[in-house]
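As a plain string of letters, each chain reads:
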Amino acid sequence: MIANVTINGLLPGPFDTDRLRGPVSKLDADKRGITVDQLLAERAKLNPAGRFGDPEEFGLACAFLCAPRRASSPTEHLLDGGAYPGTL
């Protein structure tokens, strides 16, 4: 039997990272004749928060979940700017 194990899931939506600005976004922007920044601005507006997540926000959520005084029950946390249309 395993005891004292907590499983937490972080479920991120789009975050402003190098991956988001990578080759796929470049190809999409080129096909449409716009810049990557213009493409990403359009995509950010589609998120209910009106922006992409900041990597620091993700790190802070991770730090919170790893804190020794945090509740020990398993949890899942959406970090998607409100994009998921329901609850878990």
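This text gives an overview of the structure that appears in the document. (Residues numbered from 1 in each chain as written. Predicted model: local features only at pLDDT ≥ 70, side-chain atom pairs only at ≥ 80, totals over all residues. Heavy atoms only, no water.)

## Some remarks on the state of the cysteines
In protein structure, a disulfide is the covalent linkage between the sulfur atoms of two cysteines.
Part 1 of the reasoning: Taken as a whole and judged by the stated rule, the model has 0 disulfides.
Part 2 of the reasoning: The thiol of Cys62 is unpaired, and the distance to the nearest cysteine sulfur, on Cys66, comes to 6.4 Å.
Part 3 of the reasoning: A residue is classified by how much of its surface remains accessible, and Cys62, at 25% relative accessible area, is partly exposed. (Disulfide = S-S within 2.5 Å. Buried < 20%, exposed > 50% of the residue type's maximum accessible area, 1.4 Å probe, protein only.)

## Looking at a nonpolar patch on the surface
Part 1 of the reasoning: Nonpolar side chains collect at one region of the surface, where Leu11, Leu78 and Tyr84 lie side by side and expose about 240 Å² of accessible area between them.
Part 2 of the reasoning: Locating Tyr84 in the fold gives a position in the segment after strand 2 (75-79).
Part 3 of the reasoning: The exposure class assigned to Tyr84 is partly exposed, which follows from its relative accessible area of 40%. (Patch = residues over 30% accessible without salt bridge, like charges linked within 9 Å, V, L, I, M, F, W, Y side chains within 5 Å. Areas by Shrake-Rupley, 256 points an atom, 1.4 Å probe, with all protein chains shown as cover. Salt bridge = Lys/Arg side-chain N within 4 Å of Asp/Glu carboxyl O. Helix = DSSP H or I, 4+ residues; strand = E, 2+ residues; numbered from the N terminus.)

## Considerations on the environment of Ala83
Part 1 of the reasoning: In this fold, Ala83 is placed in the segment after strand 2.
Part 2 of the reasoning: Among the residues examined, Ala83 registers a relative accessible area of 44% and is labelled partly exposed.
Part 3 of the reasoning: Here the alpha-carbon distance between Ala83 and Ala49, two residues 34 residues apart in the chain, equals 8.0 Å.
Part 4 of the reasoning: In contact with Ala83, not counting residues within four places along its chain, are Asn47 and Pro48. (Contact = heavy atoms within 4.5 Å.)

## Observations concerning the environment of Val24
Part 1 of the reasoning: Take Val24: it is sitting in helix 1 (residues 23-32).
Part 2 of the reasoning: The class for Val24 is exposed, based on a relative accessible area of 60%.

## Some remarks on helix 3 (residues 55-66)
Part 1 of the reasoning: Here helix 3 spans 17 Å end to end across 12 residues, near enough to the 16 Å set by a 1.5 Å rise per residue.
Part 2 of the reasoning: Two or three places before Glu56, at the start of helix 3, stands the capping residue Asp54, its side-chain oxygen 2.7 Å from that residue's backbone nitrogen. (Expected span 1.5 Å × (residues − 1). Polar contact = N/O pair within 3.5 Å; in protein donor to acceptor, adjacent residues only side chain to side chain.)

## A word on the nonpolar core
What tends to happen in soluble globular proteins is that the nonpolar side chains get buried as a cluster.
Part 1 of the reasoning: Grouped together as the largest cluster of nonpolar side chains are 7 residues: Leu20, Ala29, Val36, Leu39, Leu40, Ala44 and Phe52.
Part 2 of the reasoning: Ranked by residue count, the leading element in this core is helix 2 (residues 36-46), at 4 residues.
Part 3 of the reasoning: Setting aside residues up to four positions removed in sequence, Ala29 forms contacts with Ile34, Thr35, Val36 and Leu39. (Core = buried A, V, L, I, M, F, W, Y, C linked by side-chain atoms within 4.5 Å.)

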